[in-house]
Amino acid sequence: MTERPLSDSIEAVRRRFGGDLTIVGHHYQAEEVIRHTDLRGDSLELARKCAALDSRWIMFCGVYFMAESAALLARPGCEVHLPEPSAECSMAMMSPAPLLDAVLGKLSATGRKIVPLAYVNSTLAVKAVVGRHGGSVCTSANAVTMLRWALGRGDAVLFLPDKNLGRNTADRLGIPQRECHVLNIREQGGRIDQDVADRAKLLLWPGFCSIHTRFAVRQVERLRAENPGARVVAHPECTPEVVAAADAAGSTSFIIRYADEMPDGGTLVIGTEINLVERLAEQHRHRLHILPLVESACTHMAQTTEERLAEALDALAESADMGKASPFLVRIDDDLTIPARKALECMLAVCS
Ligand code: 13P
Ligand code: SF4
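Definitions and cut-offs
Residues numbered from 1 in each chain as written. Chains lettered and ligands numbered in written order. Predicted model: local features only at pLDDT ≥ 70, side-chain atom pairs only at ≥ 80, totals over all residues. Heavy atoms only, no water. Helix = DSSP H or I, 4+ residues; strand = E, 2+ residues; numbered from the N terminus. Rg over C-alpha atoms; globule rule 2.2 N^0.38 Å. Buried < 20%, exposed > 50% of the residue type's maximum accessible area, 1.4 Å probe, protein only. Contact = heavy atoms within 4.5 Å. Areas by Shrake-Rupley, 256 points an atom, 1.4 Å probe, with all protein chains shown as cover. Lys, Arg positive; Asp, Glu negative; His and termini not counted. Charge placed at Lys NZ, Arg CZ, Asp CG, Glu CD. Near = heavy atom within 4 Å. Polar contact = N/O pair within 3.5 Å; in protein donor to acceptor, adjacent residues only side chain to side chain. Nonpolar A, V, L, I, M, F, W, Y, C, P; charged D, E, K, R; others polar. Salt bridge = Lys/Arg side-chain N within 4 Å of Asp/Glu carboxyl O. Phe/Tyr/Trp six-rings, centres within 6.5 Å; stacked < 30°, edge-to-face > 60°.

## A short note on the overall build of the chain
- Helix and strand counts for the chain stand at 15 helices and 13 strands.
- In terms of C-alpha radius of gyration, the chain reaches 21 Å, essentially the compact-globule figure of 20 Å for 352 residues.
- Along the three orthogonal principal directions, the C-alpha set of the chain runs to about 70 × 55 × 35 Å.
- Evaluated residue by residue, the chain yields a buried proportion of 57% over its 352 residues.
- For the chain, contacts bridging at least 24 residues in sequence account for 66% of all contacts bridging at least 6.
- Entry remark: accessible area of the chain is about 14,800 Å², with carbon and sulfur atoms responsible for 49%.
- When the 39 basic and 45 acidic side-chain charges of the chain are each reduced to a single mean position, those positions are 6 Å apart.

## Quick look at the site of ligand 1
- Contacts to ligand 1 come from H26, Y28, D42, S43, Y119, N121, S140, H212, H235, E237, S251 and T252.
- In the model, an oxygen atom of ligand 1 is placed 2.6 Å from a nitrogen or oxygen of the H26 side chain.
- Taking H235, its side chain carries an N or O atom lying 2.8 Å from an oxygen atom of ligand 1.
- Considered on its own, ligand 1 offers 300 Å² of accessible surface; in the complex 96% of this is hidden by protein.
- Of the residues assigned to the shell around ligand 1, the class counts are two nonpolar, eight polar and two charged.

## Points about the pattern of salt bridges
- Within the structure shown, the criterion is met by 16 salt bridges.
- Connected through shared salt-bridge partners, E11, R14 and D38 make up one network.

## Considering the packing of aromatic side chains
- The final tally for this structure, using the stated rule, is two aromatic pairs.
- Their ring planes at 55 degrees and their centres at 4.6 Å tell us that F17 and W57 sit as a pair that is tilted. Residue F17 is found in helix α1 (residues 6-17), and its partner W57 is found in strand β3 (residues 57-61); the two are separated by 40 residues along the sequence.
- Classification of F17 as buried rests on a relative accessible area of 9%.
- Classification of W57 by relative accessible area gives buried; the value is 10%.

This is the structure in structure tokens:
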């Protein structure tokens, strides 16, 4: 007996649920997954779009923190499912909530008002800590607006977990290096240099994305030498040195627009996750030469495959028939809902 192709099984569930089901995906998803999506976007767009959906079910193809944000913002009665529940973002894991709480306590002990600003690539528990401390969430698409907002609300901002996005955003706002300080978070904050921290305007958590920190200035220089006239665009999770060497930097949607606006016949070097770079290279193959700064793949995003998507959709159909919860359902801890939603909604309100 021949097995039914995965795409047929995905389409069968989609037909059955119609508008009650929306499959969404982040730009870093592989082609075999993204071709099944109804909606795609960067983190900010996906958060906004999921909040506005009328569907009964959202199948979220991305990493855990994105699905959690969607679940927090989704309309009451809308369930969010993640095809691969173990798909965590390694950067989001670099700022555990209890440690953030301890560090905030230490930084505030001298009476300074520290406003936490969490990159959306963080856990729900971290967003809840941030909400309880009067802070907000940001994404790579609105980090400049949100950092400006946070700086106006206290004596200093604690930006977490990505020190590179924090530093790159500070550069965009003209905040000098001497006013920024990367914290030593070892020993529950016991190693923080309090004198230096007390003088800093922007305190940076020492997290990073291992996919984007693979890019180096020497690669930018080599590709420019090999492709005279090439433009270079990078994601702001890259190091400040790489961002400074590039022509432009911005979120995944910014990068897509940048490629769209390139004049015909040009060469574009892109410093971000390889699935997006390859998709853009294919899409613009008749008019642009697009190449990756380095082939760098996010293994967390890659955990979601067409097979897992088909499995999660089958489980959703079965759970609807049986009246029981699917193992792919994203569950939100009730204690965290209110403060974490407050931090996320603050971002949406400031950037409306
Ligand atoms: P965007 O918000 O730019 O899509 O980025 C998300 C991400 O995880 C980048 O590594
Ligand atoms: Fe996380 Fe980096 Fe993967 Fe984005 S590319 S999901 S920041 S590990």
